[in-house]
Structures are given as structure tokens and as C-alpha cells.
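Each chain, letter by letter, is given below.
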Amino acid sequence: MIELSNVSKTFTLHNQGSAVIEVISDVSFAVASGECVALTGASGAGKSTLMRMIYGNYLTQAGEIRIGDLDIVQAEPRDVIKLRRDVLGYVSQFLRVVPRVPTLDVVAEPLRAVGVSVEDAEARAKALLGQLNIPERLWSLSPTTFSGGEQQRVNIARGFARAYPAMLLDEPTASLDAANREVVLSLIEDAKARGSAIIGIFHDEAARARVCDREIDVSHFTPGMAA
Amino acid sequence: MTPLLSVQNITKRYGAHIGCADVSFDLYPGEVMGIVGESGSGKSTLLNCMAGHLTPDAGQVVFDTRTDGPRDTITMSEPERRMLSRTDWAFVHQHARDGLRMGVSAGGNVGERLMAVGERHYGDIRDKATDWLGRVEIDAARVDDRPTTFSGGMQQRLQIARNLVTGPRLVFMDEPTGGLDVSVQARLLDLLRGLVRDMGLSAIIVTHDLAVVRLLADRLMVMKSGCVVEAGLTDQVLDDPQHAYSQLLVSSVLQV
Amino acid sequence: MNDYNFAYLDEQTKRMIRRAILKGLAIPGYQVPFASREMPMPYGWGTGGVQVSAAVLTPEDTFKVIDQGADDTTNAVSIRTFFQRTAGVATTTATRDATVIQTRHRIPEEPLTEGQILVYQVPIPEPLRFLEPRESETRKMHSLEEYGLMHVKLYEDISRHGHIATSYAYPVKVEGRYVMDPSPIPKFDNPKLGEMAAIQLFGAGREQRIYALPPYSQAVSLDFEDHPFEASKADHPCGMCGAVDSYLDELIVDDAGRRMFVCSDTDYCEARQAAGHKGKDAA
């Protein structure tokens, strides 16, 4: 489902003497449907960078990143947008929303974007928010004022609102208590069972051991870090 | 898939000074594109060339019309172009005063486009105007009030209602949130997002506010000195800018 | 005759105005610019109408002037005298005897016939002006037939008053093309504009515009489907002649505020009285 071939990434800092920083070179791996792969490696090894490249958030300088039929490295913006809407979900570490939008609408939005009716989208959103223990009295409020942990759970609810064929999870269990961590892990297991191909970053080793089928150490592909 | 708008090599000079130079891009149905750049970068010139307010010195602006398919709007006759701008196009000005008739009631402002395309039933026009006031969160009881009695945010929302009442497919916006309070901006952005999604609108938004494009635009073009220096997916351009100027622009924004 | 050129204006000026009139007749409802001259009366006193009258008068014509329907008001009397002195034409107050009638704010009650010319004095010829102050824009709107704005004005009327409150200078669409301001005639007169046997000429002196309706032109008053045009008048008979079908002026006749309604068309009213019709207030 997700396939990387000889992928490399550099940052060119034009405003700092045009310094060129090589962050990742020559990554190749594949993730099949129903499989969950963990990216590991020390802080700064480029785990998040690689994940952002797969999402199309960072530009890739060389190689090919195939998700389904689309090579995201060469794709037009509108194809990437379509892919993100229909195929590729992403749970980032930070919630980014329009101020003032109620939590319920934030979670329902990915469903509304693909034409699900208001009623069905809200029903799904309510179920997820309930599952993730967000008190019902908060649903009509904007999540911008929520605590870090609450925001993270809203973010997860939004990310899991749709059954994406491929998912990227950046620290989905960080800053969660045991009960909510359990909910998230079971959501991941459900997604796997449905056939989602998942790439995740988990600092939580127990979580990693439980949901991941394989680990890929990104430091092998980090120039200056490997060896 | 046919692009809704295909801009090809648009160039506009003001004497020796370059307004915008050799700009090309395709906009597909349902896409929202942001154009950012500092004052004088040519983004407003480009917008006005596309919307038919300025005649470019070179280039084509091909719009996929409902009846005749793709047509170059620069060479089409003025009546046709003006008809487009009343029906399939909308233009939201930065200053609501430029886009509203300040001496005409809110209902009359919204109804004008309907009457311009031939609606002649007062009751229907008024019902539609009232419905649109509701959609932009203006109390229906204010349908007979003039926009002079409205706050800045309300005026801007009224301008949007006036523009969208004929169900356009393409909306040009020039700094739609400029000059508004931050809280009013947020409300307007949320409203615009909802309308864009529910009506399947395509939009081109000129702004210097990167937060606005991050929230509204799927794609982004960065302009400097009349030229497009970088274009791509909005979050990609903002999070991983490639051009020196884009990097400077992104790093210049104060983090809140 | 006297020291004036016939009908005051010089021949070149009259030719220029006639060309504008002919163009106006060729394009019914279209406002033709013309080089309006200084006349020996202030703007707003009918300088446009006077120039048009001067250009169409011939020595054989019989001239009538009415101001709000009346032949005997200052304005009507002085314009009539003006052409008596400068053109030496015959004058009359009888509508049917006149060949050229200059009018301010009314169309005579008696139907006009072929061979007659009705000249209107126009203060503001541009019907779109109140909502669109830019001349460049209103010209474009006329040329592209963009008349939605006209209905915005009527919409505003209904939203404010519950009905179309515009009661004079009510816009008409001419021959399905140009929207025209019929000058400040009451909307009661609007139905007479269309299909009229006489030639109708409109002159705006200050604004330097002439427009025209050839005989038997179509002139449709603008309206909404659910608020159709109505030619309204005061719901009374004339106090002097008892007419129920004429446009009435309201007069306050004493300090107690007693009111009386009389025909605004003095010739019509007098002719009816001479024929023996009598209203309830007639002496």
C-alpha cells in the first residue's frame, strides 16, 4: 500500500548562507495493507521528517513514494489533496483548527468532506469522542481552549473518523492516561483489522510492541548518524 | 478533468514597472488557491487581471463556462464578461464599502444580483435574501437596514452573501479578512470554509496573512516582484518552503 | 417680425438640436447628448424643453404650454410669451388646437393625435442616477442593457413602504430596450406614454440630453410580478367638473384645513365645465 524507493531529502537554508542539510538519504521500504510499521531512531534521526514526506507535507528531492497508485513526490497538489481526503489519514502531534469551530464539527469534518450526511458524520464523531472520554459538555466548544491531553484526543478522534486505507500516526499515545491509551491502541488494532496500512512513531515501547508488526530504524538512513 | 480556470502567461505592466509577469496556473473545481506576497508583489494586479477589472498586456484567462465550455475571458465581449461576473463569478473586496451599495438595504444588496439576472418576483427575491442573511449569520430582522448601520464584520458577511446568492462557481477574494478584529476574522474564516465546502466553490484568495491561507487554501502561490517564485500544496509551501523569499516570508511570521 | 432669429436660437443651433432629436427618434429611449445653449432663463425652468420646442416650431404652428397641467401658472405663461415674441407663433390653451405642447410634469388628459408634438421638460434624464452616481457606469449599463439596478430601487420602495411608493418619474422600458425616465410626470400618466399617436420629445438642458418616443412606441412601466404597476390617483371626483378619470390636485381651501380635489389639467376641466359638467365644490 505504501512503498518508498530510494527516497532522499535535503533542506536548503537560503537565508543562512545557503547551507544544504542532508536529512535522509536513500530510504526504501514498503508497508502492506493490514500491516503496522514503527519508525524508530534517536531524536533528530528524521522520523517525523520522513512521515511528513510521506504525507506530502515536506518536499522530497529524490526517489519515489507510492501510496496506492500515486507517486506523491511527483503528484500535482490536487492529487495530493484527493489522496489525503480519500486514502491517507494523518494524526499529527498537534491539533490545528479554525478558532471557534465546535469540537464535534472538527471531528466530523473529514466525513463531511467526502459527502457523508451531517447526521451520520455527527453520529460517528459523537461515538469517537465518547470512546475517547471527552465529556459531552465540551463537544459544542472549540478545542482551542482544551488541555493538551484533550486536544490530542480530539486530534485522534478526527484522524480515526474515517476508515482510511493508509494512516500515519505521530506519537498517538503520548500524553494519554492508561485508559485513553488503551482506547487508542484498540482503534489502531481495528484499523489494522480493516486492512489499513499504518506507519507510526511511538516512543511508548509497550504500545509499539503491541500494535506494530515491524520496526524500521530511521538512523540507518540519516547521513552522519549511521555507521 | 477540465480546469475551471486556466491562467496562461498573464503579464501586466504599468509603463516600465512590472505588475505581474508571465503567471500561469490551472485551478480545478472545488480548489481554493491562496496568493501571498508582500505589498507591491503583484498579487492584487494578478487578481484584477483574472477577474476582468484590468486588461493584461499578454496572456489568457480561460474559464470553463456552463454553456460553451472553456473560453478566454479576456477576448470575450464585455457583455459576456460582465454577465459572468454577475453569475458564475464573485468578487469579495477587502473593504466591504467597495462591494456594497451603502445606500441600499441589506435585502436590496443581496437581491441586486438576482434582479440583475432577471428575477422579478419581490417575495421570492426577499425570501432568498433573508435566507442568505441567515447563512452568513446576520439576523433576518435586519433585512431592511442599510449596511451603514452594520459593524465591519457584518458588512463583510453581507458582501459575501451578496456575491454568493446567484450560486457562483468561482470566487475572487482580495484580503477578505483585512482590517477586521482577530475574533471577527476567525468567524469569517469559519463561515467561508463552510460555504466553500457546502457549495463546492473554487476560490482564489489574495492575502498577506499566512494563517488565513493555511486555514482556507488547498494550494499556495508565493509572489515577489510580479513573479511567482514558488507554488504548491499550502502546507508544503508553508512548512517546507524551497525558495529563498518563501523561507524569509515564513520565518518572518511571529509565532503565537 | 422682430429682432430675434425665429424662435430665439440661431439656425445652426436648431439644426444641431434637430439632429439630436432625429437620432433620439431613431433610437427610442436612448439619451442623445447635445450641446445645450444658455437660454434667457435659469436651469430648472425648462431650458431643455424650450430648446427642443425652438428647434421643432415652424411659423404655422400653434403652441401650448402647461406646467403641472395648468396653462396659467407663471412658468407656463412666460414660456408661452417667450415664443409668442421670438417666433410669433399662434398660441392656445386648448389641447386639441395645439400642434406643439411643451409640458412640465403632466400629459394632457385629452388623447393626443397624429401631427401633434409633446415636448417634456426633464430635470434628471438618467433613471439609474440615484443608485449609480458614475456617468461612465450608467452609460455602460444602458449599452449592455443591465437594468437590474432599476428594480433594486423598486425593491427598496416595497421593503420600506410595503408597496411601490415611487409615484412620479416612474421608469419605463421602451420598445423592450432602453429604460427611460419619463420626467416627473405622475405615474397615473405612464399608461399614456405607450402607443401614443403624437411624437414625444424629452429635453434636459442642464444635463444636455435629448430623448424621444416616436408615435405608437411601446413603453412598459417596470414592476414586480407580485407587485404589479398601478396607475394611481386620488380617489375622488373633481370638485369643479366632477370628472372621475382625471389626475387631481389637492387644494387646502381654508384655515380649517378643508380640502378640495380639482383636475390638474385646467383645459380639460374648463372644457367639461363649459359642457355643463359640475362638481360638488363648483360655485
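The numbers attached to residues start from 1 for each chain and follow its sequence in the written order. Both sets of labels track the order of writing: A upward for chains, 1 upward for ligands. At least 70 in pLDDT is required for a residue's local features to be given in this predicted model, at least 80 for side-chain atom pairs to be given and counted, and no such filter applies to totals for whole chains, interfaces and linings, which use all residues. Only hydrogens and water are set aside when side-chain values are computed; all heavy atoms of the structure are taken into account.

## A few points about the overall build of chain A
Line of reasoning, step 1. A helix here means a DSSP run of H or I that spans at least four residues, while a strand means a run of E at least two residues long, and both kinds are numbered starting from the N terminus. Helix and strand content of chain A: seven helices and nine strands.
Line of reasoning, step 2. Restricting the calculation to C-alpha atoms gives the radius of gyration, and the globule rule supplies 2.2 Å times the number of residues raised to the power 0.38. Since a compact globule built from 227 residues should have a radius of gyration of about 17 Å, the 18 Å found for chain A is in line with a globular shape.
Line of reasoning, step 3. Oriented by its inertia axes, the alpha-carbon framework of chain A measures out at about 50 × 40 × 35 Å.
Line of reasoning, step 4. Burial classes follow relative accessibility: with a 1.4 Å probe on protein chains only, a residue under 20% of its type's maximum area counts as buried, one over 50% as exposed, and anything between as partly exposed. By residue count, 49% of the 227 residues in chain A fall in the buried class.
Line of reasoning, step 5. Here, two residues are considered to be in contact whenever any of their heavy atoms come within 4.5 Å of each other. Counted over contacts in chain A with a minimum sequence separation of 6, partners at least 24 positions apart contribute 69%.
Line of reasoning, step 6. Here chain A displays about 9,800 Å² of accessible surface, and carbon together with sulfur accounts for 49% of that area.
Line of reasoning, step 7. Distance between charge centres in chain A, computed from 23 positive and 28 negative side chains, equals 5 Å. Under the convention used here, a 1.4 Å probe and the Shrake-Rupley method define accessible areas, while residue burial counts only the protein chains that appear. Residues scored as charged are limited to Lys and Arg (positive) and Asp and Glu (negative), so that His and the chain ends carry no count. Charged groups are reduced to one reference atom each: NZ for lysine, CZ for arginine, CG for aspartic acid, CD for glutamic acid.

## Regarding the side chain of Lys-43 of chain B
All names here are of chain B.
Line of reasoning, step 1. Summarising the element assignment, Lys-43 is placed in helix α1 (residues 43–50).
Line of reasoning, step 2. By convention in these notes, a salt bridge is any Lys or Arg side-chain nitrogen within 4 Å of a carboxyl oxygen on Asp or Glu. Despite its burial, Lys-43 pairs with no opposite charge, the nearest such side chain being Glu-175 at 4.2 Å.
Line of reasoning, step 3. Whenever a nitrogen or oxygen atom comes within 3.5 Å of another N or O atom, the pair is scored as a polar contact, on the condition that within protein one atom can donate a hydrogen and the other can accept it, and that pairs from neighbouring residues in sequence are kept only if both atoms are in side chains. Of note is the side chain of Lys-43, whose polar atom sits 3.4 Å from the backbone oxygen of Glu-38.
Line of reasoning, step 4. Excluding anything up to four places from it in sequence, Lys-43 contacts Ile-35, Val-36, Gly-37, Glu-38, Glu-175, Val-206, Thr-207, His-208 and Met-223.

## A short note on the sheet that holds strand β5 (residues 69–72) of chain B
All names here are of chain B.
Line of reasoning, step 1. Read from one edge to the other, the open sheet built from four strands follows the order β2-β1-β4-β5, with strand pairing classed as antiparallel. Each end of this open sheet is capped by a strand with a single partner; those strands are β2 (17–27) and β5. Taking each pair of neighbouring strands and ignoring which way they run, the sheet shows an average axis angle of 20°. Should DSSP find at least two bridges between two strands, the strands are taken to pair. Geometry is summarised by axes, namely lines fitted to C-alpha atoms with helices restricted to the contacting stretch, and by angles between N-to-C directions that run from 0 to 180 degrees.

## Quick notes on unusual backbone geometry
The general pattern is negative phi for most residues beyond glycine and trans for most peptide bonds.
Line of reasoning, step 1. For Asp-26 of chain A, which is not glycine, the phi torsion reads 60° and is therefore positive.
Line of reasoning, step 2. Here Asp-26 of chain A shows up in strand β2 (residues 19–31).
Line of reasoning, step 3. Residue Asp-22 of chain B is not a glycine yet carries a positive backbone phi of 55°.
Line of reasoning, step 4. Its place among the elements puts Asp-22 of chain B in strand β2.

## Some details on the interface of chain A and chain B
Line of reasoning, step 1. Every contact between the two is made by 26 residues of chain A and, on the other side, 25 residues of chain B.
Line of reasoning, step 2. Both sides of the chain A and chain B interface together cover about 2,200 Å² of buried area, and 52% of this is carbon and sulfur.
Line of reasoning, step 3. Three residues stand out in chain A for area buried against chain B, namely Arg-78, Val-98 and Arg-100 of chain A, and they jointly supply 27% of the buried area on that side.
Line of reasoning, step 4. Inspection of the chain A/chain B interface yields four salt bridges.
Line of reasoning, step 5. For the salt bridge of Asp-198 of chain B with Arg-112 of chain A, the shortest nitrogen-to-oxygen distance reads 3.5 Å.
Line of reasoning, step 6. Along the contact surface separating chain A from chain B lie 13 residue pairs in polar contact (both at pLDDT 80 or more). Throughout, the accessible surface (probe 1.4 Å) given up by two parts as they are put together, summed over both, is called the buried area.

## A short note on the pairing of strand β2 (residues 62–67) of chain C
Consecutive residues of a regular strand have side chains that alternate between opposite faces of the sheet.
Residue and element names in this part refer to chain C.
Line of reasoning, step 1. The element β2 is largely enclosed, with a buried count of six among its six residues.
Line of reasoning, step 2. A two-sided burial pattern is seen for β2, the buried positions comprising Thr-62, Lys-64 and Ile-66 on one face and Phe-63, Val-65 and Asp-67 on the other.
Line of reasoning, step 3. Of the strand pairs in this sheet, β2 and strand β3 (residues 90–91) are connected by two bridges, and their pairing is parallel. Bridge pairing links Thr-62 to Ala-90 in β3.
Line of reasoning, step 4. As paired strands, β2 and strand β4 (residues 100–104) are joined by five bridges and run parallel to one another.

## Some remarks on helix α2 (residues 47–56) of chain C
Along an α-helix, residues three or four positions apart point the same way, because every turn accommodates 3.6 residues.
Line of reasoning, step 1. Most of α2 of chain C sits out of view: ten of its ten residues are buried.
Line of reasoning, step 2. What α2 of chain C keeps buried is the set Thr-47, Gly-48, Gly-49, Val-50, Gln-51, Val-52, Ser-53, Ala-54, Ala-55 and Val-56 of chain C.

## Here we look at the packing of helix α5 (residues 122–135) of chain B against helix α5 (residues 148–161) of chain C
Line of reasoning, step 1. It is the contact of α5 of chain B with α5 of chain C, at a shortest axis distance of 11 Å, that shows an interaxial angle of 80°. When the axis of α5 of chain B is compared with that of α5 of chain C, the two are roughly perpendicular. Here Tyr-122, Ile-125 and Arg-126 of chain B of α5 of chain B come into contact with α5 of chain C, specifically with Tyr-155, Ile-158 and Ser-159 of chain C.
Line of reasoning, step 2. Gly falls in the polar group here, along with every residue not listed as nonpolar (Ala, Val, Leu, Ile, Met, Phe, Trp, Tyr, Cys, Pro) or charged (Asp, Glu, Lys, Arg). Partitioning the contact of α5 of chain B with α5 of chain C into residue classes produces four nonpolar, one polar and one charged. For classification purposes, angles smaller than 35 degrees are called roughly parallel, those larger than 145 roughly antiparallel, those between 65 and 115 roughly perpendicular, and all remaining angles oblique.

## Thoughts on the interface of chain C and chain B
Line of reasoning, step 1. Taken residue by residue, the interface counts 21 residues in chain C and 22 residues in chain B.
Line of reasoning, step 2. Here Glu-146 of chain C and Arg-82 of chain B are joined by a salt bridge, their closest N and O atoms 2.7 Å apart.
Line of reasoning, step 3. At the boundary of chain C with chain B, the tally comes to 13 residue pairs in polar contact (both at pLDDT 80 or more).
Line of reasoning, step 4. At the level of secondary structure, the elements contributing two or more residues to the side of chain C that touches chain B comprise α4 (135–143) and α5 of chain C.
Line of reasoning, step 5. When residues in the side of chain C that touches chain B are grouped by element, the largest group, nine residues, is from α5 of chain C.
Line of reasoning, step 6. Residues of the side of chain C that touches chain B, tallied by class, amount to eight nonpolar, four polar and nine charged.

## Looking at the side chain of Glu-146 of chain C
Line of reasoning, step 1. Secondary-structure assignment places Glu-146 of chain C in the loop between α4 and α5.
Line of reasoning, step 2. Reaching out from Glu-146 of chain C, the side chain makes a polar contact with the side chain of Arg-86 of chain B at a distance of 2.9 Å.
Line of reasoning, step 3. Leaving out residues up to four positions away in the same chain, Glu-146 of chain C has contacts with Arg-82 and Arg-86 of chain B together with Met-141 of chain C.

## Here we look at the packing of aromatic side chains
Line of reasoning, step 1. Working definition: rings of Phe, Tyr and Trp (its six-membered ring) pair if their centres are within 6.5 Å, and the pair is stacked with planes under 30 degrees apart, edge-to-face with planes over 60 apart, and tilted otherwise. Applying the stated criterion across every chain yields a total of 16 aromatic pairs over all chains.
Line of reasoning, step 2. Ring geometry for Phe-91 of chain B versus Phe-172 of chain B: centroids 6.3 Å apart, planes at 35°, classification tilted. Of this pair, Phe-91 of chain B sits in strand β6 (residues 89–92) while Phe-172 of chain B is found in strand β7 (residues 170–174), placing the two residues 81 residues apart along the sequence. Grouping residues by exposure puts Phe-91 of chain B and Phe-172 of chain B together as buried.
Line of reasoning, step 3. Within the aromatic cluster, the residues linked to one another by ring pairs are Tyr-4, Tyr-8, Phe-63, Phe-82 and Phe-83 of chain C.

## A few points about the environment of Ile-21 of chain C
Residue and element names in this part refer to chain C.
Line of reasoning, step 1. Topologically, Ile-21 is positioned in helix α1 (residues 11–26).
Line of reasoning, step 2. For Ile-21, a relative accessible area of 5% corresponds to the buried category.
Line of reasoning, step 3. With 13 residues separating them in the primary sequence, Ile-21 and Phe-34 have C-alpha atoms 9.3 Å apart.
Line of reasoning, step 4. In contact with Ile-21, other than residues within four places in its own chain, are Val-52, Ala-55, Val-56, Leu-201 and Ile-210.

## Some thoughts on the pattern of salt bridges
Line of reasoning, step 1. Taken as a whole and judged by the stated rule, the model has 51 salt bridges over all chains.
Line of reasoning, step 2. Two residues, Lys-9 of chain A and Asp-240 of chain B, come together in a salt bridge whose shortest N-O distance is 2.4 Å. A residue pair is termed interchain when its members come from two chains, as with Lys-9 of chain A in strand β1 (residues 2–13) and Asp-240 of chain B in the loop between α9 (234–239) and α10 (244–251).
Line of reasoning, step 3. We classify Lys-9 of chain A as buried; its relative accessible area is 0%.
Line of reasoning, step 4. For Asp-240 of chain B, a relative accessible area of 2% gives the class buried.
Line of reasoning, step 5. In this structure, the salt-bridge partner of Arg-104 of chain C is Asp-67 of chain C, at a minimum N-O distance of 2.5 Å. Pair noted here: Arg-104 of chain C is in strand β4 and Asp-67 of chain C is in strand β2, with a separation of 37 residues, a long-range link.
Line of reasoning, step 6. With relative accessibility at 9%, the residue Asp-67 of chain C sits in the buried group.
Line of reasoning, step 7. A single salt-bridge network, built from bridges that share partners, covers Arg-101, Glu-112 and Arg-162 of chain B together with Glu-132 and Arg-134 of chain C.

Honestly, that's just the spatial picture; any functional story needs more than this.
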